[in-house]
Amino acid sequence: MIRTGKRKIALTAVAGASVLVLGLTACGSGGSGDGDANGDRALRVWAGSQTPITANYNPFAPTVLHGALGPIYEPLFFFNKTADSEPVGMIGDSYEYNEDGTAITITIKPDLKWSDGEPLTAKDVAFSFEYDANNPEGNGLVSAEATDDTTVVLTYDSAQYTTEFQRLGSTYILPEHIWADVSDYANFANEEPVGSGPYVVDKTTSESYTLVANENYRDADELGVKKVQYIAVDNNQTAQDLLAAGKLDWTGMFIPNPDDVTANGAIDWINTPQDPTVLYTCSNAELGCTGPQTDVAVRQALNVAIDRGAIKDKAFVGLTGDISPTFALLPRDEKWVADEANAVSPQEANAAEAGKILEAAGYTKDGDFYAKDGVPLELTLTSVDGWTDYNDAAKLIAEQAAAAGIKVNASTVQWQEFSDSRQSGDFQLIVGGVIGTSVADPFQIYRDWFGGTEVGSTGPVGAEVPTGRWNFSRYSNPTVDTAIKAAEATNDEATKKELYGTIQTEIVRDLPYIPLVINATQTFYNTKDFTGWPTEDHLYAFPPSWGAIAAGYVLTQLQPAK
């Protein structure tokens, strides 16, 4: 039976310089008559792609196009990150653990096919789990064995209850007959992908890419949207104009005044705060980080100098949620907060407290700003050009830090520079997002974002962060790593909460990611021409267009309006 899960980058407000409107599928007000010969028009999507689009459908590539993740490639099961609910079978039909949690027996659905018509069997599943990109060092996999065409047994060197989502909900299943010949997966563009999902690639240009229905998809007869066109847009304002003009059907982005795009009678919207927005700090001098932010006292001072209430109101127009320094999502994960004193980050600035922290660490005021050993306390803070909410937040943080005697120089960079700098560790501070947990348990964040070298979640400055992990801060704390390993292997809630308490004590003090807000995740969608979208009353999936896996699941639920 299916067990309940215990457990961008794509970020909110993805932005980027003009949409090349001539590349769009013809637009009309109705659900038919303005598309291809059978009357099905393309659903037009912006998921963060900027110009020029480069064909890359490799699910393991940092520059993968969003349509590959869910619409083309799938995991075994879909986990709804907006609720603590049963996972939904995709390729998989059911799974169960052995008595000590070290083996998972998975049954997949019968008679499945890849998009090229080849059979999809348990051998493909076993191959996928053993493939290097899905099986990084420290993953713990001992073996993946297909015992018949629909059954595979995964065996690990320790219990894997807490990694249920990682194994079953985010491991992309690959066709062995294609990927067995791909040894250099990091540099494989995969321009003609073969997947199991509802769509296949029809056309890729520098302005857009189009997916069409996969005739070999298991539920092909039920697929309502036959064509999806992902367009390139280089800034939020252009995307907003396209929504208002009826030339865009689905996107996840920040719009301060949603009435500007809903007045056309076609677009509706929903706000689902889920993902933390933080200050990334390259925090670890031992792994090569440089700058004042490597001093924990500087990070602690910045944490109390920030006026989160002002950032919420001025940068995010009141749409964000309050963040917990434990990185548990409240109220969903409140049972995992070990110390109520750490439930929510301070909402008001305390410049005096920031000064006390710095002075205790040997900093002295030199004019308006602090210095130590004659070196001014001066930091660089970047955000992605065009991400207007993040840009505004960065400016506010610089002002608030100055009031506490900390000089912060805020500037913007292009997306590629942002991506390269966080991967390499060549930064001091970045306003960025953390991928929230996909089940009601903060373990995924603890392992992927705070796990150190002992759990394979980070590496030295100059080396890319391991595939599938996100610890850009280079934080590496043996106490945290030990607790992560122990939490991974237990299914006992009391034991896990105690271990999480240990992790929380360390990260609340060390602040390798300084919490800001739970970001407003606004999703805008065309309810006039398409039905079946996630709503507040039926939030069956995380709704933004850039959500990996969830976006593919949403597409399967949509139907043209009658």
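Residues numbered from 1 in each chain as written. Predicted model: local features only at pLDDT ≥ 70, side-chain atom pairs only at ≥ 80, totals over all residues. Heavy atoms only, no water.

Looking at an unreviewed UniProt entry, one finds the chain named Oligopeptide-binding protein OppA and attributed to Microbacterium oxydans.

Undergrad: I would appreciate a short explanation of the overall build of the chain in the present structure.
TA: Looking only at helices and strands, the chain features 14 helices and 25 strands. Taken over C-alpha atoms, the radius of gyration comes to 23 Å for the chain, in line with the 24 Å a tight globule of 562 residues would show. By principal-axis analysis of the C-alpha atoms, the chain measures approximately 70 × 55 × 40 Å. Counting only residues that meet the buried cut, the chain has 59% of its 562 residues in that class. For the chain, the exposed area adds up to about 20,900 Å²; of that, 47% sits on carbon and sulfur atoms. Where the 37 positive side-chain charges of the chain centre and where its 77 negative ones centre are 3 Å apart. (Helix = DSSP H or I, 4+ residues; strand = E, 2+ residues; numbered from the N terminus. Rg over C-alpha atoms; globule rule 2.2 N^0.38 Å. Buried < 20%, exposed > 50% of the residue type's maximum accessible area, 1.4 Å probe, protein only. Areas by Shrake-Rupley, 256 points an atom, 1.4 Å probe, with all protein chains shown as cover. Lys, Arg positive; Asp, Glu negative; His and termini not counted. Charge placed at Lys NZ, Arg CZ, Asp CG, Glu CD.)

Undergrad: Would you take a moment to explain the side chain of Thr171 for this structure?
TA: Relative to the helices and strands, Thr171 is located in the loop between α2 (164–169) and α3 (176–179). For Thr171, a relative accessible area of 6% puts it in the buried group. Side-chain polar atoms of Thr171 contact the backbone oxygen of Arg167, separated by 3.1 Å. Excluding residues that lie within four positions of it along the chain, Thr171 makes contacts with Glu74, Pro75, Leu76, Phe129, Asn134 and Gln166. (Polar contact = N/O pair within 3.5 Å; in protein donor to acceptor, adjacent residues only side chain to side chain. Contact = heavy atoms within 4.5 Å.)

Undergrad: What is the right way to read a negative patch on the surface from this model?
TA: A surface patch of negative charge is lined by Glu417, Asp420, Asp426 and Glu464. Positionally, Glu464 belongs in the loop between α11 (443–450) and α12 (478–488). (Patch = residues over 30% accessible without salt bridge, like charges linked within 9 Å, V, L, I, M, F, W, Y side chains within 5 Å. Salt bridge = Lys/Arg side-chain N within 4 Å of Asp/Glu carboxyl O.)

Undergrad: Is there a simple way to explain the state of the cysteines in this structure?
TA: Put plainly, a disulfide is one covalent bond tying together the sulfur atoms of two cysteines. As enumerated under the stated definition, the model contains one disulfide in all. In this model Cys282 forms its disulfide with Cys289; the gap between the sulfur atoms is 2.1 Å. Note on the Cys282 and Cys289 pair: the S-S dihedral is about -75°, so by sign convention the disulfide is left-handed. Exposure remark for Cys289: the relative accessible area of 4% places this residue in the buried category. (Disulfide = S-S within 2.5 Å.)

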